[in-house]
Amino acid sequence: MIVELYDNGHGINTPGKCAPDKSLREYKKARDLVMDIVARRRAMGYDARILVPEEKDISLGERCRRVNEICKQYGTSNVLLVSVHCNAAGADGKWKSAGGWCAYTSPGQTKADIIATHLYNAAQTALADYIKDFPIRKSNGDYDSKQQPIRTDYSDGDPDYEARFYILMHTRCPAVLTESMFQDNKADCDFLLSPEGHKAIVDLHVNGVESYIKSLKR
């Protein structure tokens, strides 16, 4: 059985990382999302674990060490990591016009790209209402003309972005980092704070990972 690790980004003592009006703090939203994702996956019979149960920030080095210890115990091919975050377009404490959901993997083609594609596919269903309403919110000025509800980069043939984020580069198992909307966009922030928005983000992670796990049995 695959050990599923869910990393809730940042900690209560991380400076910044919040909506301009402080209505959303990334550490809290990431923990709430991960708690619900893990609870759902466990209820489905899977070995799903919270990587950082602490509220305080845990260094990236320690997060990677924890992942790699589990890889040593169960085998790298039997572990996956999803690091859950909320995006931001700036650090000046002002509302921005960027929005949407996306996922990152490390450069090159790995199993992480396959997991990310399953998450992207699940996002199309889980975020159907968000996607449908996006043009209306864009016309209202909530997003600038370049924004898309599902952010993609197909330059390497698949939808995820590639980046050398520490947690993607220094963990031995396939690792994906998701950015669930923008905490400094008012419309995205309201969506994340709504019960419907929260459930949609949980659903896409639960269903995306489920789809990936099932694909391994075919």
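Below is a short write-up of the structure. (Residues numbered from 1 in each chain as written. Predicted model: local features only at pLDDT ≥ 70, side-chain atom pairs only at ≥ 80, totals over all residues. Heavy atoms only, no water.)

With that settled, consider helix α3 (residues 111–126). For α3, spanning 16 residues, the distance from its first C-alpha to its last is 23 Å, which sits close to the expected 22 Å at 1.5 Å a residue. The inward-facing, buried residues of α3 contact β3 (79–87), β4 (101–105), α4 (128–139), β5 (161–162), β6 (175–182) and α7 (195–215). Its side-chain oxygen at 3.1 Å from the backbone nitrogen of Ala112, Thr110 defines the N-terminal cap of α3. (Helix = DSSP H or I, 4+ residues; strand = E, 2+ residues; numbered from the N terminus. Expected span 1.5 Å × (residues − 1). Contact = heavy atoms within 4.5 Å. Polar contact = N/O pair within 3.5 Å; in protein donor to acceptor, adjacent residues only side chain to side chain.)

Right, let's talk about unusual backbone geometry for a bit. It is generally the case that most residues other than glycine have a negative phi and that most peptide bonds are trans. The phi torsion at Lys22 lies on the positive side, around 65°, for a residue other than glycine. By secondary structure assignment, the location of Lys22 is in the loop between β1 (3–8) and α1 (26–43). With relative accessibility at 56%, the residue Lys22 sits in the exposed group. Positive phi values are uncommon outside glycine, yet Met181 reaches one of about 70°. With respect to the helices and strands, the residue Met181 is situated in strand β6. Of the residues examined, Met181 reaches a relative accessible area of 0% and is grouped as buried. (Buried < 20%, exposed > 50% of the residue type's maximum accessible area, 1.4 Å probe, protein only.)

In this section: the sheet that holds strand β2 (residues 47–50). With mixed pairing, 6 strands are arranged side by side in an open sheet as β2-β1-β3-β6-β4-β5. Each having just a single partner strand, β2 and β5 make up the two edges of the open sheet. Of the pairings in the sheet, the one linking β4 to β5 comprises 2 bridges and is parallel in character. What sits directly across from Thr105, in β5, is Glu162. Of the strands in this sheet, β3, β4, β5 and β6 touch α3, which is tilted by about 175° from β4. (Pairing = 2+ DSSP bridges. Axes fitted to C-alpha atoms, helices over the stretch in contact; angles between N-to-C directions.)

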